[in-house]
Amino acid sequence: MDKQTVLKVAKLARLKIDDERAEVLAADLGGIFKWIEQLNEVDTNGVEPMTSVGGQKAFRRPDVVTDGNKQAEIMRNAPDSAEGFFVVPKVVE
Amino acid sequence: MTKLTDLTIAAALNGLNKGEFTSAELTRDHIGAVENARALNAFIVETPELAMEQATASDERRKSGRVGLLEGIPIAMKDLFCTKGVQTTAASKILKGFTPTYESTVSQNMLDQGMVMLGKVSLDEFAMGSANITSGYGNVISPWRANGDDKQRIPGGSSGGSSAAVSARIAMGATGTDTGGSIRQPASVTGIVGIKPTYGRCSRWGVVAFASSLDQAGPLARSVEDCAIMLQAMAGWDQKDSTSVNMPVPDFKAVLGQSIKGLKVGIPKEYRVDGMAPEIDKMWQQGIDWLKDAGAEIVDISLPHTKYALATYYILAPAECSSNLARYDGMRYGNRVEGKDLNETYELTRAAGFGDEVQRRILMGTYVLSAGYYDAYYLKAQKIRALIARDFTEAYKQVDVILTPTTPGSAFVIGEKQDDPLKMYLEDVFTVPVNLAGLPGMSLPAMLDDKGLPLGLQLIGRPFDEETLFKVGSVLEKAAGFTAKPDMGWVNAK
């Protein structure tokens, strides 16, 4: 794991990380992924990946509206809002 | 007379029922205790006025004959449960000031059963940690100190505010969540009882998500019976969480004190790890002897993939964390740091809002899920997870319950194990496999080590067989006769 990889992953994760911190993280993460390499010892041929616990079927309910009319509640914690909309930085020029 | 704050929940319910004291009196004493113990930094938000309102309302209900399972009992709520009208932060700066307009299902269930909420207790940021040193609101300090030293020790994590509050007798019980050991490890290092129920037993709705396939809510309290009472109130199917399981919640209290004669208890040889403190081994043997004396049959078992559990966990949990925490972008809630455009606003917001450990895990998770690495890491880990779960399934063909230590050592000093994240991760070596397999696990205090610090035993059960944990737990609790409590002198002096 090198600094460039850390910076690339940080970009994907939308985290601003400076060069100095990227160096530290490269060492930290490098150590962790080296330790994780032990998993290669395990023979997983023919093993189905476990994607959930229990594997219960999703239950169904009638397709009716059970919730709503909460605009004010939904907006209450917004960092910036106007007339019932979230205000966000300009995306399209 | 015993101080009201020293009572168990069961004893307090009894006293309330007999009219020996009111919930208002019980709550007032706890509010005073919380104020006197601020040196622990256990609470992020104290809600004394709300607590007194709830206590008074509870006393009224009791008069009219309506008595819930937690009627009038003062409880501390982990700040990962959304509470309507009360700030909920997950101990992260990114959520400072966030005030939910809804109540989590678990806390609502508890309110419906008469709970009085003392406030929101701290945790590792987004429940990521084992020492409560990653909170954005300062370290939580354990009330416990070693013999002859006054160094500050960890209360465990991530439910460290919960464990500190309950062991310091400033809350009768607390909620916790457990993704890799976050209920059991804090309970173990503070000398109290904690249970992580089977995945699906409690609703995750309204609980800030860390790793959704592993997270599960549960109680921390000072007796096995108190945990049974609390879990009874917390658990149950919830239509709002598709992973909560639609099956009846048994009467957990009914099994307490029942005989365990003939019960088969598994002792997994892989849990004897290198570097384990000799006292942990001694405690484990003591636990085995206690169960033998009670008529249980001890069976040596093997869980061959145990050694891979932690590395597996540190792929899966960060992967799930990185996608769960993508929602904190400063647009709809939480704090925002403006940048020159949308992307920079995201990046600055998240860099300012998340602490180091959370950022590290987001990066790990993003990396293992990124193109070219998914199969090598994420898919591989999911397959090993299946093998770990299969180990338990095989073991439960031979045994009814498994006994292990909860942690590899007692509470360490704040600042230790901080130079290398791997050292901290090893704290959960005995608890993580249980989450990967989705099983119920309980930690209960067994003894003090030679430093005078608590050590805990862990019981692991079959899926949805919390009853066996409560049954065996009550046998161990009786045999251990653990009555030690922290000396609060230093806490209250401040």
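Heads up: the structure comes first, above all this text.
Below you will find a few notes about this structure.

A separate point is the overall build of chain A. Scanning chain A from terminus to terminus reveals three helices and two strands. Each helix (α) and strand (β) of chain A, taken in turn from the N terminus, gives the series α-α-α-β-β. Its C-alpha atoms give chain A a radius of gyration of 23 Å, clearly above 12 Å, the size a compact globule of 93 residues would have. Projecting the C-alpha coordinates of chain A onto the three principal axes gives extents of approximately 55 × 45 × 25 Å.

This brings us to helix 3 (residues 48-63) of chain B. Since the α-helix advances by 3.6 residues per turn, residues separated by three or four positions end up pointing in the same direction. All names here are of chain B. Look at helix 3: 23 Å from first C-alpha to last across 16 residues, which is about the 22 Å you get at 1.5 Å a residue. Here helix 3 has its buried residues at Ala51, Gln54, Ala55, Ser58, Asp59 and Arg62. Projection of helix 3 onto a plane perpendicular to its axis shows the buried side chains occupying an angular sector of 140 degrees, all on one side. Opposite the buried face of helix 3, at more than 90 degrees from it, the exposed residues are Glu49, Glu53 and Lys63. In this structure, the buried side of helix 3 is in contact with helix 1 (9-17), helix 2 (23-36), helix 4 (105-112) and strand 3 (116-121). Where helix 3 terminates, the next one or two residues include glycine 65, which has phi positive at roughly 90 degrees.

Residues and elements named next belong to chain B. Overall, mixed pairing links the 11 strands, which are arranged 1-3-2-4-6-5-11-12-9-7-8 in an open sheet. Two strands bound the open sheet, and with one partner strand each, they are strand 1 (43-46) and strand 8 (297-301). Along the sheet, successive strands turn relative to each other by an average axial angle of 30 degrees, direction set aside. Alignment of strand 7 (residues 264-268) against strand 8, held across five bridges, turns out to be parallel. Following the sheet pairing, glycine 266 is matched in strand 8 by valine 299. This element, helix 7 (residues 224-234), spans strand 2 (74-78), strand 4 (173-177), strand 5 (193-196), strand 6 (217-221) and strand 11 (441-448) of the sheet and lies at about 150 degrees to strand 6.

What counts and what doesn't
- Residues numbered from 1 in each chain as written.
- Chains lettered and ligands numbered in written order.
- Predicted model: local features only at pLDDT ≥ 70, side-chain atom pairs only at ≥ 80, totals over all residues.
- Heavy atoms only, no water.
- Helix = DSSP H or I, 4+ residues; strand = E, 2+ residues; numbered from the N terminus.
- Rg over C-alpha atoms; globule rule 2.2 N^0.38 Å.
- Expected span 1.5 Å × (residues − 1).
- Buried < 20%, exposed > 50% of the residue type's maximum accessible area, 1.4 Å probe, protein only.
- Arc of directions from axis to C-beta.
- Contact = heavy atoms within 4.5 Å.
- Pairing = 2+ DSSP bridges.
- Axes fitted to C-alpha atoms, helices over the stretch in contact; angles between N-to-C directions.

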